[in-house]
Amino acid sequence: MAYYPTPVCNAERTEYRLVQRYCDNMIISLMDLDTIVLFVGPVLDACYPAGIVIALYYCMCKDCDNKANLRAAKWATIAAFLMSILELLSR
């Protein structure tokens, strides 16, 4: 038996969102793999450097909850994201 999420409130809006999600999934599933990579590639190129900075921070930092360390991680993540955006725009 299929599982259909039950709407918490505003049944018409929830049904519209489900139909929209199903249509989006259908369109994406009909695309060729090269087309999907063409759209998703630049987004991943922009997000990976910032994600790597966050992962390295939590792996290497001894006191993750320290305010100074969190501020440094925040600005390092922002800088990595901005640099990746600039790199994408220069292509």
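Structure's up top.
These numbers come from a predicted model, not from an experiment.

Novice: Would you explain the overall build of the chain in this entry?
Specialist: Counting its regular elements, the chain contains three helices and zero strands. Element order for the chain, N to C, with α for helix and β for strand: α-α-α. Buried positions account for 12% of the 91 residues belonging to the chain. Sequence separation of 24 or more characterises 47% of the internal contacts of the chain that already satisfy a separation of 6 or more. For the chain, the exposed area adds up to about 8000 Å²; of that, 67% sits on carbon and sulfur atoms.

Novice: I tried to follow the environment of Ile-54 on my own but got confused; where do I start?
Specialist: Residue placement: Ile-54 occurs in helix H2 (residues 33-60). Residue Ile-54 is classed as partly exposed on the basis of its relative accessible area, which comes to 40%. Between the alpha carbons of Ile-54 and Ala-76 there is a distance of 8.5 Å; along the sequence they are 22 residues apart.

Novice: For this particular structure, what's the right way to read the side chain of Ser-84?
Specialist: Note that Ser-84 resides in helix H3 (residues 67-90). Relative accessible area serves as the criterion here: at 3%, Ser-84 is assigned to the buried category. A polar contact is formed between the side chain of Ser-84 and the backbone oxygen of Phe-81, at a distance of 2.7 Å. Those residues in contact with Ser-84 that sit more than four places away from it in its chain are Asp-45, Ala-46 and Pro-49.

Thresholds applied
Residues numbered from 1 in each chain as written. Predicted model: local features only at pLDDT ≥ 70, side-chain atom pairs only at ≥ 80, totals over all residues. Heavy atoms only, no water. Helix = DSSP H or I, 4+ residues; strand = E, 2+ residues; numbered from the N terminus. Buried < 20%, exposed > 50% of the residue type's maximum accessible area, 1.4 Å probe, protein only. Contact = heavy atoms within 4.5 Å. Areas by Shrake-Rupley, 256 points an atom, 1.4 Å probe, with all protein chains shown as cover. Polar contact = N/O pair within 3.5 Å; in protein donor to acceptor, adjacent residues only side chain to side chain.

Everything listed here is a matter of geometry and, on its own, says nothing about what the molecule does.
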